[in-house]
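# Secondary and tertiary structure notes
One-letter residues, chain by chain:
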Amino acid sequence: MDTVNLLEGLNAQQREAVTAPEGPVLVLAGPGSGKTRVLTRRAAWMQVELAVSPWRMMAVTFTNKAAREMRQRLAAMLGENAARAMALGTFHALCARILRREAEVAGLSPDYVIFDSDDQLSLMKQVVRELGLDDKRYRPRSLLNSVSRAKNELIPPTEYPTTTYHDLVAARAYARYQELLRKSNGLDFDDLLMETAKLFQADDLVREKYQHRYRHILVDEFQDTNMAQYVILNLLAREHHSLYVVADEDQSIYSWRGADARNIRRLRQDFPELRTYLLEENYRSTQVILDAAQAVIARNRGRTPKRLFTRRQGGVAIRLREAYDEVDEARFVAEEIQRLLRSYRPGDVAVMYRTNAQSRALEESLVHRNIPYRLIGATRFYARKEIKDLLAYLRLVQNPDDDVSLLRAINVPPRGIGARTIARVSEAAAEQGLSRYRAVLWLLEQRAVKGRTYNALLAFVSLVQQWLQVYQETGLDALLESILADTNYRAYLRTHTQERAPRSDGLSAADARWENVMALQAVVSEAADLPLGDFLTEVALVADVDELSEEQDAVTLLTLHSAKGLEYPVVFITGLEEGRLPHSRSLDTEQEIAEERRLLYVGMTRAKERLYLTYAFRRSWGWGGGEPSEPSRFLDDLPAEVLSRPQPQRTRATSTWSQPAWRPSRPQQRVTQYHVGDRVQHAHYGEGTVMECELSGHEEVVTVLFEHVGAKRLLAGRAPLTVLPKH
DNA sequence: AGATACTGCTTTTTT
DNA sequence: AGCAGTATCT
């Protein structure tokens, strides 16, 4: 393998970036500019040209999928061995490995288990109960958010800023949460980063060891690193300054997870000799798509404008489509896909949305037309109840001190250990300072429980001990089989799964769950030679079985967040409504709205050839029925030229760029049931006054100012409204 | 004491 | 749609 090959097919900017002199390097790149490709080539180039040993390199990717792809490319260029020798993976995976190896120095047990977000939530609920907090005022979820933010900033409970009473409570919850987590011998996702950062900060020897081991570091999607990750990078790279980082500020969409685009500035400060390279040529999208995306992102303030360009002049105009509701929207998408399938493969098409809940209508519509699809994320495989149940057993075998898993597994399937008994176990655990599993053993030894309860607890404990033996003697594969057999899990699924509406695939809900179990078993047999701990770590960090199943030729449904780093010839972005995108939870600050805008930008720039944008006039929000919605403000920024929607004749003189390309559909005047000024009574909102009536399609929309809840837009035909007589 | 049936409440995004 | 809390059944 020689240099010519490594630089083959790269443009001048890319070549320059790949062949940058050793030292700190920042590559600022636009979407579709081949930044991951540059990163991969750089790794190869360093090995070939600078004679860097692959053992001395670490490459951090944003997803497992990206890591897998990078490894494949490296294997093709340098051979299997070199590709395998490099440390390559997500931050979390790399940190998990380091912590397992350095557990003792880090003050952890090497048997630790990783707590996923479900486990975190159970634990925090426990904390809220224990501290006697009102779970309405102190929502476990929002407490977890605070904890996560603190951990990402490397702030321990004792240093948690307590300016308000609420913060004080959060600090106490954080402290207790952390205490319980460590007692369970668990680490949550944020701990993986925090503990690694702390380890490198505290222990010079370990830090030097890894500085030497990972002498050259490469990082993809650097704009989405958080403080903890930055500290880790900084500590590792500060000795040799061989840090190669690829970023695009405009694609920073994870600030809610602690990601801080200011890390780019920090990098400049901490490594003054940093060299910066730009990648401005877009190889992915047509001019039309790029123009539209640029118009949307240009509205964000304080960004460094980029000069992105593409040689793919022109292109198919973007379709903007208003649908009546989400069902109509899904129908449009499916019908359009059906038409496109004459010239595209199903795998060429992706449908994106802001929230996972939006996938349902789309799925139904695709199933109805027999269009194959695969769903990314949504109900994550490892988050399904049946899978979590079984993983809880596995985790208990690995680490009996895992209280969350114990609470989950102890009475599933029901084996006569009810709330009362569990309360006694918890009590004993607290009194004796034991984990719950050990408290059960203690209760049994002391004969503190009798009769049926004693037998039930004894039976449970013997099961776990038996399984431990099975695992030690025969391994992972047999362990899962024993668990399934001994718990009679299939029978449990049959009796405890309630059938809902008939499914399109004809399976009963119980059968579908059993299929998931079989899928888990397949995963286990593939990993049968892994130690249980490694298997559980992998499972916790991979998180989606779709990642494991091989790519099939199917339409992809995914959130805008998970679309990052991907590309498709045809992209649909659905649900472009106020409250959806931008999401109603992200309307408070300009920064939040800016991030929502970047999210749309990321979605749009995934498209190579065709882009569809859709919004619904009305969308049901969970189960609350349909409420009218307004088209997203971001649509206002689309220049008329890029849209295919029939436009009113424009005169040459008017600048179409600054004008909204599109106007909300104004209903023509017809008869309305309600009138401005009417006093009305609503079943839930109480009394109010009608402020506005409009007809749209066949529906009448009234805006009512309610005395207690403020203004609401309602569908007159569906809302429980009555007109009150005028006084 | 445990299991089950019913009712009301809440949903962003992910390693 | 799923979960916690409550009421009722075994």
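Structure: see above.
Residues numbered from 1 in each chain as written. Chains lettered and ligands numbered in written order. Predicted model: local features only at pLDDT ≥ 70, side-chain atom pairs only at ≥ 80, totals over all residues. Heavy atoms only, no water.

### Section: the packing of helix 18 (residues 385-398) against helix 26 (residues 532-542)
- Interhelical geometry of helix 18 versus helix 26 gives an angle of 140° and a closest axis separation of 10 Å. What the angle tells us is that helix 18 and helix 26 run oblique. For the pair helix 18 and helix 26, the sense of crossing is left-handed. Residues Leu391, Leu394, Arg395, Val397 and Gln398 of helix 18 pack against Leu532, Gly533, Phe535, Leu536 and Val539 of helix 26.
- A class-by-class count of the residues in the contact of helix 18 with helix 26 yields seven nonpolar, two polar and one charged. (Axes fitted to C-alpha atoms, helices over the stretch in contact; angles between N-to-C directions. Helix = DSSP H or I, 4+ residues; strand = E, 2+ residues; numbered from the N terminus. Parallel < 35°, antiparallel > 145°, perpendicular 65-115°, else oblique. Left-handed = near helix turned anticlockwise from the far one by under 90°. Contact = heavy atoms within 4.5 Å. Nonpolar A, V, L, I, M, F, W, Y, C, P; charged D, E, K, R; others polar.)

### Regarding unusual backbone geometry
- In the segment running from Val412 into Pro413, the intervening peptide bond is cis, with an omega of -10°.
- Mapping Pro413 onto the fold places it in the loop between helix 19 (403-409) and helix 20 (419-432).
- Here Leu581 and Pro582 are connected by a cis peptide whose omega angle stands at 5°.
- For Pro582, the position within the fold is in the loop between strand 15 (568-573) and helix 27 (590-604).
- A positive phi angle is found at Asn370, which is not glycine, with a value near 60°.
- Along the chain, Asn370 falls in the loop between helix 17 (359-368) and strand 13 (373-375).
- Even without glycine at this site, Arg447 takes up a positive phi of about 55°.
- Within the element layout of this structure, Arg447 appears in the loop between helix 21 (436-445) and helix 22 (451-474).

### Digging into the sheet that holds strand 6 (residues 216-219)
- Read from one edge to the other, the open sheet built from six strands follows the order 3-2-6-7-1-8, with strand pairing classed as parallel. A single partner strand is all that each edge strand has here, and the edge strands are strand 3 (87-90) and strand 8 (275-279). Averaged over all pairs of adjacent strands, the angle between their axes in this sheet comes to 15°, without regard to strand direction.
- Pairing analysis gives four bridges linking strand 1 (residues 25-29) to strand 7 (residues 243-247), with the strands arranged parallel. Opposite Leu26, over in strand 7, you have Val245 as the bridge partner. (Pairing = 2+ DSSP bridges.)

### Some remarks on the nonpolar core
- The biggest cluster of nonpolar side chains holds 71 residues, and the ones touching the most others in it are Leu192, Phe200, Phe222, Leu243 and Leu267.
- Every residue in contact with Phe200, bar those within four places of it in the chain, is listed here: Ile98, Val206, Arg207, Tyr210, Ile232, Leu235 and Leu236.
- Of all hydrophobic cores here, the second largest spans 50 residues; its members include Ala439, Leu443, Leu444 and Leu463. (Core = buried A, V, L, I, M, F, W, Y, C linked by side-chain atoms within 4.5 Å. Buried < 20%, exposed > 50% of the residue type's maximum accessible area, 1.4 Å probe, protein only.)

### Focus on the pairing of strand 19 (residues 679-682)
- Side chains Val680 and His682 project from strand 19 onto a buried face, and the interleaved Arg679 and Gln681 project onto a face without burial.
- The pairing of strand 19 with strand 23 (residues 721-724) spans four bridges and is classified as antiparallel. Across the sheet, Val680 pairs through a bridge with Val723, a residue of strand 23.

### With respect to the environment of Thr355
- One can find Thr355 in the loop between strand 12 (349-353) and helix 17.
- Here Gln358 takes part through its side chain, which lies 2.8 Å from a polar atom of the side chain of Thr355. (Polar contact = N/O pair within 3.5 Å; in protein donor to acceptor, adjacent residues only side chain to side chain.)

### Quick look at the packing of aromatic side chains
- For the structure shown, the criterion picks out 11 aromatic pairs.
- Judged by centre distance (5.0 Å) and plane angle (75°), the ring pair of Tyr393 and Trp467 falls under edge-to-face. Placement of the pair is Tyr393 in helix 18 and Trp467 in helix 22, with a sequence separation of 74 residues. For the pair Tyr393 and Trp467, one class covers both residues: buried. (Phe/Tyr/Trp six-rings, centres within 6.5 Å; stacked < 30°, edge-to-face > 60°.)

### Details of the pattern of salt bridges
- Per the stated rule, a full pass over the model turns up 41 salt bridges.
- The closest approach of N and O atoms between Lys388 and Asp116, which form a salt bridge, is 2.8 Å. Linking Lys388 in helix 18 with Asp116 in the loop between strand 4 (113-115) and helix 8 (117-130), this pair joins segments that are 272 residues apart in sequence.
- Of the residues examined, Lys388 reaches a relative accessible area of 5% and is grouped as buried.
- For Asp260, the salt bridge is made with Arg266, and the minimal N-O distance between the two is 3.3 Å.
- One salt-bridge network, in which partners are shared between bridges, spans Lys151, Arg182, Asp188, Asp191, Glu195 and Lys198. (Salt bridge = Lys/Arg side-chain N within 4 Å of Asp/Glu carboxyl O.)

### Quick notes on the packing of helix 18 against helix 25 (residues 509-526)
- Two numbers describe how helix 18 lies on helix 25: the axes approach to 9 Å, and their chain directions differ by 45°. Taken together, helix 18 and helix 25 sit at an angle that is classed as oblique. The handedness of the crossing between helix 18 and helix 25 is right-handed. Judged by residue contacts, Lys385, Glu386, Ile387 and Leu390 of helix 18 engage Arg513, Asn516, Val517 and Leu520 from helix 25.
- Per-class residue counts for the contact of helix 18 with helix 25 are four nonpolar, one polar and three charged.

### Here's the deal with the sheet that holds strand 16 (residues 607-616)
- One open sheet holds the six strands; their spatial order is 11-16-15-12-14-13, and the pairing between them is parallel. Among the strands making up the open sheet, the edge pair consists of strand 11 (319-323) and strand 13. In this sheet, adjacent strand axes meet at a mean angle of 20° when their direction is disregarded.
- By the bridge criterion, three bridges tie strand 13 to strand 14 (residues 555-559) in an arrangement that is parallel. Looking at the pairing, Tyr373 lines up with Val555 of strand 14.

### Some details on the environment of Ala75
- In this fold, Ala75 is placed in helix 4 (residues 64-78).
- For the pair Ala75 and Ala44, spaced 31 residues apart in the sequence, the C-alpha separation amounts to 9.7 Å.
- Other than its neighbours up to four places away in sequence, Ala75 contacts Glu80 and Ala83.

Note that every value here comes from positions in space, so none of it alone points to a role or purpose.
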